[in-house]
Amino acid sequence: MFKSVIRLQSRLGGVITFCKVFPRHELFRNAMKYSTASAERKRFYQDVSISQGEGGLYEVNLDRKKLKTPSGKLFTVPNEALAIAVATEWDAQKDSIRFYTMHLTTLCNTALDNPTQRSKEQMISAALKFLETDTICYRVDEPPGLVELQRNEWDPVLHWIESRYNVTIGSSSSILGPEIPEGTKETFRQHLGSFSLWSLTGLEFVITQLKSLILSLGMLDRHLSVERAVLLSRLEEEYQIRHWGNVEWAHDYDMYELRARTAAGALFVHLSSESSTIKHKLMQD
């Protein structure tokens, strides 16, 4: 058992609960390509612990053996809270290690090895590309019920982010989508410039789950809950299900999977950019 994690759960409050995961999902595309070679393997360790190494970085140990990345680098994270969250993923594995449930570990591996060798500027540009095809900017002309639903549910979020960042985005039912002003892109570029490469890794993961930069920023700014952001990202699908029905277990399964991935990505962003202020707020929450 990972005793340090158990003792520190009360200190971190909702952090451990927030990263709860469900099995058998389709991982973020790039992360999946870079994930471990096998989906599962027999658990080969008894105890999980964390330790502080050189430069104040934290390490995760399996039976006192230091965890390594897929490329063989020493697995290190920038702070204790993230180390605890990763160690909890490893400690939570039972007889088999289900790598596809270990979102935080995968994100750390991606940030450490940077397999695509992208710079921070390239990651920011990739995130901004999503703004041009953002889910909540694309509207339908029919049926009337869905048109009204999109307007009622998406417009408040769109108005919020335009006010929050003092930008213009808009929406369109054209296949080309809305034309995003260059000033808006530059504002978001400057904002994302304040993110670390680690935080951008997590943000990109969240954006890919929600197909929306707007919903992702709304959630990271705590304007939207994980559940709300996921529901808004699936608005058209939920509308169709309401009218035509669905295979109940499959719908619930997909919803839980998406919530788990989105929550893990958001948690990763907050923990990888941890400051004393963020840590205090996480412990309060």
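Everything numeric in this text was worked out from a predicted model, so none of it was measured.

Draft legend 1. Just the packing of helix α4 (residues 80-92) against helix α5 (residues 103-113), in detail. At their nearest, the axes of α4 and α5 sit 8 Å apart, and the two run at 125 degrees to each other. Here α5 runs oblique to α4, going by the angle between their axes. Judged by residue contacts, L82, A85, V86, E89 and W90 of α4 engage H103, L104, T105 and C108 from α5. Among the residues making up the contact of α4 with α5, the classes are represented as six nonpolar, two polar and one charged.

Draft legend 2. Expanded view of the packing of helix α6 (residues 120-131) against helix α8 (residues 182-192). At a closest axis distance of 10 Å, the pairing of α6 and α8 adopts a crossing angle of 135 degrees. In this view, α6 runs oblique relative to α8, as classed from their interaxial angle. Classified by chirality, the crossing of α8 by α6 is right-handed. Across the interface between the two elements, K120, I124, S125, A127, L128 and L131 from α6 touch T184, K185, F188, R189 and L192 from α8. Residues of the contact of α6 with α8, tallied by class, amount to six nonpolar, two polar and three charged.

Draft legend 3. Broad picture of unusual backbone geometry. A cis amide bond, omega 0 degrees, links E142 with the succeeding residue P143. Note on placement: P143 falls in the loop between α6 and α7 (144-165). The residue D63 is not glycine, and still its phi comes out positive at about 50 degrees. With relative accessibility at 32%, the residue D63 sits in the partly exposed group.

Draft legend 4. Just the side chain of T76, in detail. Positionally, T76 belongs in strand β5 (residues 76-77). For T76, a relative accessible area of 13% puts it in the buried group. Residues in contact with T76, not counting those within four places in the same chain, are L57, Y58, E59, L112 and W198.

Draft legend 5. Spotlight on helix α9 (residues 197-210). Between its first and last C-alpha atoms α9 spans 20 Å; for 14 residues at 1.5 Å apiece the expected length is 20 Å, and the two agree. Buried residues dominate α9, accounting for 13 of its 14 residues. Positioned one or two residues after α9, K211 has a phi angle of 55 degrees, which is positive.

Draft legend 6. Highlighting the environment of Y45. If you trace the backbone, Y45 turns up in the loop between β1 (40-42) and β2 (48-52). Linking Y45 and D95, residues 50 residues apart in sequence, is a C-alpha distance of 9.9 Å. With sequence-adjacent residues up to four places away left out, Y45 is seen in contact with L62, D63, W90, Q93 and I97. For Y45, the side chain forms a polar contact with the main-chain oxygen of W90, separated by 2.6 Å.

Draft legend 7. Fine view of the environment of P115. Secondary-structure assignment places P115 in the loop between α5 and α6. The spatial distance from the C-alpha of P115 to the C-alpha of P70 is 9.8 Å, given a sequence separation of 45 residues.

Draft legend 8. Structural context of the packing of aromatic side chains. Within the structure shown, the criterion is met by five aromatic pairs. Here Y165 and F188 contribute two aromatic rings whose centre-to-centre distance is 5.2 Å and whose plane-to-plane angle is 55 degrees, an arrangement assigned as tilted. Taken together, the positions of Y165 in helix α7 and F188 in helix α8 put the pair 23 residues apart, joining distant regions of the chain. Comparing Y165 with F188 shows no difference in burial state: the two are buried. By the ring-pair criterion, three or more aromatic residues cluster together here, those being F44, Y45, W90 and F99. Over the ring of Y165 we find R164, and its NZ or CZ is 4.5 Å from the ring centre.

Here is what the cut-offs are and how they apply
- Residues numbered from 1 in each chain as written.
- Predicted model: local features only at pLDDT ≥ 70, side-chain atom pairs only at ≥ 80, totals over all residues.
- Heavy atoms only, no water.
- Axes fitted to C-alpha atoms, helices over the stretch in contact; angles between N-to-C directions.
- Helix = DSSP H or I, 4+ residues; strand = E, 2+ residues; numbered from the N terminus.
- Parallel < 35°, antiparallel > 145°, perpendicular 65-115°, else oblique.
- Contact = heavy atoms within 4.5 Å.
- Nonpolar A, V, L, I, M, F, W, Y, C, P; charged D, E, K, R; others polar.
- Left-handed = near helix turned anticlockwise from the far one by under 90°.
- Buried < 20%, exposed > 50% of the residue type's maximum accessible area, 1.4 Å probe, protein only.
- Expected span 1.5 Å × (residues − 1).
- Polar contact = N/O pair within 3.5 Å; in protein donor to acceptor, adjacent residues only side chain to side chain.
- Phe/Tyr/Trp six-rings, centres within 6.5 Å; stacked < 30°, edge-to-face > 60°.
- Lys NZ or Arg CZ within 6 Å of the ring centre and 35° of its normal.

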